[in-house]
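Structure at a glance
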Amino acid sequence: MIGDRWGVTPAETRLRFGCDAFVPDPTLAAWRGVTVRADPAVVWRRLRQVRLAPYSYDLVDNLGRRSPRALLDVPDPVAGDPFTRALGRDQGRVLAVDPGRELTATIMGAHLSYAVLPHADGSRLVLKVVARTRRWLAPALSVGDLVMARKQLLTLKRLAEAD
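If you're wondering where the values come from, they're calculated on a predicted model, not measured in any experiment.

Calculation criteria
Residues numbered from 1 in each chain as written. Predicted model: local features only at pLDDT ≥ 70, side-chain atom pairs only at ≥ 80, totals over all residues. Heavy atoms only, no water. Pairing = 2+ DSSP bridges. Helix = DSSP H or I, 4+ residues; strand = E, 2+ residues; numbered from the N terminus. Axes fitted to C-alpha atoms, helices over the stretch in contact; angles between N-to-C directions. Parallel < 35°, antiparallel > 145°, perpendicular 65-115°, else oblique. Left-handed = near helix turned anticlockwise from the far one by under 90°. Contact = heavy atoms within 4.5 Å. Nonpolar A, V, L, I, M, F, W, Y, C, P; charged D, E, K, R; others polar. Salt bridge = Lys/Arg side-chain N within 4 Å of Asp/Glu carboxyl O. Buried < 20%, exposed > 50% of the residue type's maximum accessible area, 1.4 Å probe, protein only. Polar contact = N/O pair within 3.5 Å; in protein donor to acceptor, adjacent residues only side chain to side chain. 1 Å grid on protein atoms, 1.4 Å probe; cavity = no way out; pocket = protein on both sides within 12 Å on 5 of 7 lines; lining within 4 Å. Points joined across faces, edges and corners; volume = space filled by probe spheres on them.

Quick look at the pairing of strand S4 (residues 89-98)
Of the strand pairs in this sheet, strand S3 (residues 82-86) and S4 are connected by 4 bridges, and their pairing is antiparallel. Its bridge partner lying in S4, alanine 86 is registered against arginine 89. Taken together, S3 and the strand that follows it, S4, pair antiparallel across an intervening segment of 2 residues, in which leucine 87 is found at a positive phi of about 55°. Pairing between S4 and strand S5 (residues 102-107): 5 bridges, direction antiparallel. Looking at S5, one finds that alanine 96 is bridged to threonine 104.

Here you go:
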């Protein structure tokens, strides 16, 4: 599918993610990943902040309000918590958390998992998105997600490396 992979290895696309349990037969499956030159614990602390703001294109998904750049003491999410805050209100729900390693949530009909994986250069931050949608719509959704998720992961990478 167009736009279904960015920055991930073939081995990472074969990993099992928490979102797979919620959408066993997706019409859309997409993976995104970045190498972060920071310890996995630092990357996890940055990832937790997604609960405060999207960290993508703030003009588009946060009414122009800038996602926080300072590292704030955000506790680990728990199932049932809001996933993020965008457009002035809570969005999505956290479904499962393996603290320090994986965050699984749902938003706008999609299920997604962020995994923080140890890597020789520090960490890998890998995102998998799955959804059941009309087959003809899946490629467009994949490309749209790629644009937003790429920006989000690169922003989190930059912030974690600065920490």
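Looking at the packing of helix H2 (residues 40-48) against helix H4 (residues 138-162)
Viewed as axis vectors pointing N to C, H2 and H4 meet at an angle of 130°, and their least axial separation amounts to 9 Å. Between H2 and H4, the crossing angle belongs to the class labelled oblique. Pair H2 / H4 crosses with right-handed handedness. Residue-level inspection shows Val42, Val43, Arg46 and Leu47 of H2 in contact with H4, the latter providing Leu156, Leu159 and Ala160. Residue composition of the contact of H2 with H4, by class: 6 nonpolar, no polar and 1 charged.

Regarding the pattern of salt bridges
Counted according to the given criterion, the structure contains 12 salt bridges. The shortest N-O distance in the salt bridge between aspartate 81 and arginine 51 comes to 3.3 Å. Pair noted here: aspartate 81 is in the loop between helix H3 (58-61) and S3 and arginine 51 is in the loop between H2 and H3, with a separation of 30 residues, a long-range link. A salt bridge links lysine 157 to glutamate 161; the shortest N-O distance between them is 2.9 Å. Linking lysine 157 with glutamate 161, this pair stays in helix H4, spanning 4 residues, or about one helical turn. Connected through shared salt-bridge partners, Arg16, Asp20 and Lys128 make up one network.

A look at the sheet that holds strand S6 (residues 110-119)
Across the sheet, which stays open at both edges, the 7 strands sit in the order S1-S2-S7-S6-S5-S4-S3 with mixed pairing between neighbours. Bordering the open sheet on either side are strand S1 (5-6) and S3, each of which pairs with just one other strand. H2 contacts strand S2 (28-36), S4, S5, S6 and strand S7 (122-131) of the sheet and is inclined by roughly 155° relative to S6.

As for H2
An α-helical turn contains 3.6 residues, so any two residues separated by three or four positions project in the same direction. For H2, every residue scored as buried is listed here: Val42, Val43, Trp44, Arg46, Leu47 and Arg48. Packing partners of the buried residues in H2 comprise S2, S4, S5, S6, S7 and H4. For H2, the N-terminal cap is aspartate 39; the gap from its side-chain oxygen to the backbone nitrogen of alanine 41 is 3.0 Å.

Details of the layout of surface pockets
There is about 760 Å³ of room inside the largest pocket. Ile107, Met108, Leu112, Asp145 and Met148 are, among the 26 residues lining the largest pocket, the residues nearest its centre. Put simply, the parts of the chain that give the lining of the largest pocket at least two residues each are S3, S6, S7 and H4. Of the residues contributing to the lining of the largest pocket, the split by class is 17 nonpolar, 7 polar and 2 charged.

Here's the deal with unusual backbone geometry
Residues other than glycine seldom take positive phi values, yet tyrosine 55 does so here, at roughly 60°. Turning to its location among the elements, tyrosine 55 is positioned in the loop between H2 and H3. Residue tyrosine 55 is classed as buried on the basis of its relative accessible area of 1%.

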